[in-house]
Amino acid sequence: MDWLVYFHVLSIVVWIGGVAFVTAIVFPTLGSMEDSMAKVNFFMGFERRFQFLAKICVVIAGASGVLLFWQRGAFAALTSDEAFLLGYKFVIWLTFVVLLFGAEQRFMKILISEKTAPEKALRRLSIFHWVVLILSLIAIVFGIRLVRG
Ligand code: HEM
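Report follows, based on the coordinates. (Residues numbered from 1 in each chain as written. Predicted model: local features only at pLDDT ≥ 70, side-chain atom pairs only at ≥ 80, totals over all residues. Heavy atoms only, no water.)

**Side note on the coordination of the iron atom of the ligand**
Six octahedrally arranged donors around a metal ideally form angles of 90 or 180 degrees; four tetrahedrally arranged donors ideally form angles of 109.5 degrees.
Working step 1: Looking at the iron atom of the ligand, one finds its protein donor set to be His 8 (NE2) and Lys 89 (NZ), positioned 1.8 to 2.1 Å from the metal centre.
Working step 2: The coordination sphere of the iron atom of the ligand comprises 6 donor atoms, whose angles at the metal cover 84 to 178°; the geometry is octahedral. Of the two residues, His 8 sits in helix α1 (residues 3–32) while Lys 89 sits in helix α3 (residues 80–111), which places them 81 residues apart along the sequence. With respect to class, His 8 is no different from Lys 89; both count as buried. (Donors = N, O, S within 2.8 Å, 3.2 Å for Na, K, Ca; no water. Tetrahedral: all angles 85-135°; square planar, octahedral: opposite > 155°, others 65-115°. Helix = DSSP H or I, 4+ residues; strand = E, 2+ residues; numbered from the N terminus. Buried < 20%, exposed > 50% of the residue type's maximum accessible area, 1.4 Å probe, protein only.)

Written out as C-alpha cells, the structure is:
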C-alpha cells in the first residue's frame, strides 16, 4: 500500500510548506505594511484560508501515518530508536491538531492580549511560527530516518 506513503508525504509537503511560506514570506510582508487595519485584514484573510487547508492536510497526514504504522507491524515491530522518532512526529502532529481544531483562540489570548501593541503582537506570532516550523522540519528529518535508518 505504497499509496499511503504518497498521501503521507504529499499532505505534509502542503501543510509544512504552508507553515514555511507564512513564516518566511507572509509575516515579513505584514511587518513592512504601514496601515495597521490593512495588516489585520490581510492576516485574518490568509490565516482563515490556510487554516482550512492545514486542517485537511493534518487529518490526511495523521490517518495515513497511523495506517502506515499498523502496516509496518505497529508497536511490536518498533525499536527504541524508531519509537523515539515516531513519538516525536506524533507529538508535533498532535500539537497542530490541538491548535487547529480548538485551542488556537485560547492560545492566541495567551500570546497576545488586548493591550499588546500590533508590532509586538506580530513579532510574537512570527517567533511562534519560526519555532513551530523548525520543530516540524525536524519531524520531517525523523520521518525519513524512520524509513531509511
Ligand atoms: C500521527 C502522526 C504520524 C504517524 C503515526 C506517522 C507514521 C509514519 C510511518 C509509520 C512512516 C513510515 C512509513 C514506511 O515505513 O514507509 C512515516 C514516514 C514518514 N513520516 Fe510520518 N507519521 C506521523 C506524522 C508525521 C509528521 C508530523 C511528519 C512531518 C511533519 C511526518 C513525516 C514523515 C516522513 C517525511 C516520512 C518518510 C516517508 C518516506 O521517506 O518514505 N510524519 N510516518
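**Description of the site of the ligand**
Working step 1: The environment of the ligand is formed by 24 residues, the closest being His 8, Ile 12, Arg 72, Lys 89 and Arg 148.
Working step 2: In this structure, His 8 approaches the ligand through a side-chain N or O atom, which is 2.9 Å from a nitrogen atom.
Working step 3: Between the ligand and Arg 72 there is a distance of 3.1 Å, counted from an oxygen atom to a side-chain nitrogen or oxygen.
Working step 4: Counting residues per element, the ones that place at least two in the shell around the ligand are α1, α2 (36–71), α3 and α4 (118–148).
Working step 5: No other element matches the 8 residues that α4 contributes to the shell around the ligand.
Working step 6: Along the lines of polarity and charge, the residues of the shell around the ligand split into 16 nonpolar, 5 polar and 3 charged. (Near = heavy atom within 4 Å. Polar contact = N/O pair within 3.5 Å; in protein donor to acceptor, adjacent residues only side chain to side chain. Nonpolar A, V, L, I, M, F, W, Y, C, P; charged D, E, K, R; others polar.)

**What to know about the packing of α3 against α4**
Working step 1: In the contact formed by α3 and α4, the axes pass within 8 Å of each other and the chain directions differ by 160°. As far as their axial angle goes, α4 and α3 are roughly antiparallel. Crossing geometry of α3 relative to α4 is assigned as left-handed. Along the contact surface, α3 presents Glu 82, Phe 84, Leu 85, Leu 86, Tyr 88, Lys 89, Ile 92, Phe 96, Leu 99, Phe 107, Met 108 and Leu 111, while α4 presents Arg 124, Leu 125, Phe 128, Val 132, Leu 135, Ser 136, Ile 138, Ala 139, Phe 142, Gly 143, Arg 145 and Leu 146.
Working step 2: Among the residues making up the contact of α3 with α4, the classes are represented as 18 nonpolar, 2 polar and 4 charged. (Axes fitted to C-alpha atoms, helices over the stretch in contact; angles between N-to-C directions. Parallel < 35°, antiparallel > 145°, perpendicular 65-115°, else oblique. Left-handed = near helix turned anticlockwise from the far one by under 90°. Contact = heavy atoms within 4.5 Å.)

**Observations regarding the side chain of Ser 126**
Working step 1: When you line up the elements, Ser 126 lands in helix α4.
Working step 2: Those residues in contact with Ser 126 that sit more than four places away from it in its chain are Thr 23 and Phe 27.

**Points about the pattern of salt bridges**
Working step 1: In this structure the tally under the stated criterion is 1 salt bridge.
Working step 2: With a shortest N-O distance of 2.9 Å, Glu 119 and Lys 39 are connected by a salt bridge. Of the two residues, Glu 119 sits in helix α4 while Lys 39 sits in helix α2, which places them 80 residues apart along the sequence.
Working step 3: Accessibility expressed as a relative area gives 8% for Lys 39, which makes it buried. (Salt bridge = Lys/Arg side-chain N within 4 Å of Asp/Glu carboxyl O.)

**What to know about unusual backbone geometry**
Working step 1: Of note in the backbone geometry, Ala 74 takes a positive phi value of approximately 55° without being a glycine.
Working step 2: Locating Ala 74 in the fold gives a position in the loop between α2 and α3.

**Describing a nonpolar patch on the surface**
Working step 1: Taken together, the side chains of Trp 3, Tyr 6, Phe 7, Leu 10, Phe 52, Ile 56 and Ile 60 make up a nonpolar region of the molecular surface, amounting to roughly 770 Å² of accessible area.
Working step 2: Looking at the nonpolar patch, the elements that each hand over two or more residues are α1 and α2.
Working step 3: Broken down by element, the nonpolar patch gets its largest block of residues, 4 residues, from α1.
Working step 4: Structurally, Phe 52 can be placed in helix α2. (Patch = residues over 30% accessible without salt bridge, like charges linked within 9 Å, V, L, I, M, F, W, Y side chains within 5 Å. Areas by Shrake-Rupley, 256 points an atom, 1.4 Å probe, with all protein chains shown as cover.)

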